[in-house]
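Letter by letter, the chains look like this.
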Amino acid sequence: DTAVSQTPKYLVTQMGNDKSIKCEQNLGHDTMYWYKQDSKKFLKIMFSYNNKELIINETVPNRFSPKSPDKAHLNLHINSLELGDSAVYFCASSQDRSENTQYFGPGTRLTVL
Amino acid sequence: QQQVKQSPQSLIVQKGGISIINCAYENTAFDYFPWYQQFPGKGPALLIAIRPDVSEKKEGRFTISFNKSAKQFSLHIMDSQPGDSATYFCADPNAGGTSYGKLTFGQGTILTVHP
């Protein structure tokens, strides 16, 4: 059984388009995260939700909007895609906001042409 | 942007050798320092973690140790195997301030173990 799943695995799109990445966890965790990993493998947190409430919002362009319909799902919508948005996006979850053991999904490789 | 200093950036080791990766931390306000392992095309996975009130933790061939005077924690991989070839990340739960659950990752170390 997949603990943290993301769709799609690969996403290739043109500059200026709007796209979404979906994430689901079946671990019963309260907290979910979005990370961006760039071409140098640097892993940086973007957002975190605890029980559908936004608790971490890093300096991310407002073209990025997370949405958590319930505590098992955290989606990422990106408007007006730019070349610099090309990266691998990882969803993760943890038991709660104080728990540093985070379980990562397989990633979504976004390529903006 | 807050970063955690991790070294070396890359490491090549012969099979059976010891791999050592170091990370500098800021403080120990939060109490759980994890190391993550990432294989190509996969997400990071928790490898081992340690509390700062423990000087060393061993799980199989993997050991984390704290050097409080140097404000450093290290990952040692004993008897390194080709299957250990991956990117390793330390994470500091304190580097980002007081946000719970906010892990600031090191830059990563690409480990290659030659057969």
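Our subject is the structure listed above.
These lines cover the structure that appears in this document, whether it is placed above or below. (Residues numbered from 1 in each chain as written. Chains lettered and ligands numbered in written order. Predicted model: local features only at pLDDT ≥ 70, side-chain atom pairs only at ≥ 80, totals over all residues. Heavy atoms only, no water.)

On to the pattern of salt bridges. Residue and element names in this part refer to chain A. Using the criterion set out here, one finds seven salt bridges over all chains in the structure. For Glu58, the salt bridge is made with Lys44, and the minimal N-O distance between the two is 3.9 Å. Pair noted here: Glu58 is in the loop between β6 (53-57) and β7 (64-70) and Lys44 is in strand β5 (residues 43-50), with a separation of 14 residues, a long-range link. Overall, Lys44 belongs to the partly exposed group, its relative accessible area being 22%. The residue Arg63 makes a salt bridge to Asp85 at a minimum N-O spacing of 2.8 Å. Note that Arg63 is positioned in the loop between β6 and β7 and Asp85 in the loop between β8 (73-78) and β9 (87-94), a separation of 22 residues in sequence. There is no split in this pair, since Arg63 and Asp85 are both buried. Through salt bridges that share partners, Arg63, Glu82 and Asp85 make up one connected network. (Salt bridge = Lys/Arg side-chain N within 4 Å of Asp/Glu carboxyl O. Helix = DSSP H or I, 4+ residues; strand = E, 2+ residues; numbered from the N terminus. Buried < 20%, exposed > 50% of the residue type's maximum accessible area, 1.4 Å probe, protein only.)

Another aspect to go through is the interface of chain A and chain B. Accessible area lost upon the coming together of the parts is a frequently used measure of interface size. Taken together, the 22 residues of chain A in the interface contact 23 residues of chain B. Buried surface at the junction of chain A and chain B, summed over both partners, amounts to about 1900 Å²; 57% is from carbon and sulfur atoms. When the buried surface of chain A facing chain B is broken down by residue, Lys41(A), Phe42(A) and Asn100(A) rank first, second and third, together holding 33% of it. Inspection of the chain A/chain B interface yields zero salt bridges. Between chain A and chain B we count two residue pairs in polar contact (both at pLDDT 80 or more) in total. Elements with a contribution of two residues or more to the side of chain A that touches chain B: β4 (31-37) and β5 of chain A. Split into classes, the residues belonging to the side of chain A that touches chain B amount to nine nonpolar, six polar and seven charged. (Contact = heavy atoms within 4.5 Å. Buried area = accessible area lost by both parts, 1.4 Å probe. Polar contact = N/O pair within 3.5 Å; in protein donor to acceptor, adjacent residues only side chain to side chain. Nonpolar A, V, L, I, M, F, W, Y, C, P; charged D, E, K, R; others polar.)

We now examine the sheet that holds β8(A). Residues and elements named next belong to chain A. Overall, antiparallel pairing links the four strands, which are arranged β1-β3-β8-β7 in an open sheet. Edge positions in the sheet fall to β1 (4-7) and β7, since each of these pairs with one other strand and no more. The average angle at which neighbouring strand axes cross in this sheet is 20°, direction not considered. Where strand β3 (residues 19-25) meets β8, four bridges bridge the pair, whose relative direction is antiparallel. (Pairing = 2+ DSSP bridges. Axes fitted to C-alpha atoms, helices over the stretch in contact; angles between N-to-C directions.)

This paragraph deals with the side chain of Arg63(A). All names here are of chain A. Arg63 sits in the buried class, given a relative accessible area of 12%. Side chain to side chain, Arg63 and Glu82 meet in a polar contact 3.5 Å long. Aside from chain neighbours lying at most four places away, what touches Arg63 is His77, Ile78, Asn79, Ser80, Leu81, Glu82 and Asp85.

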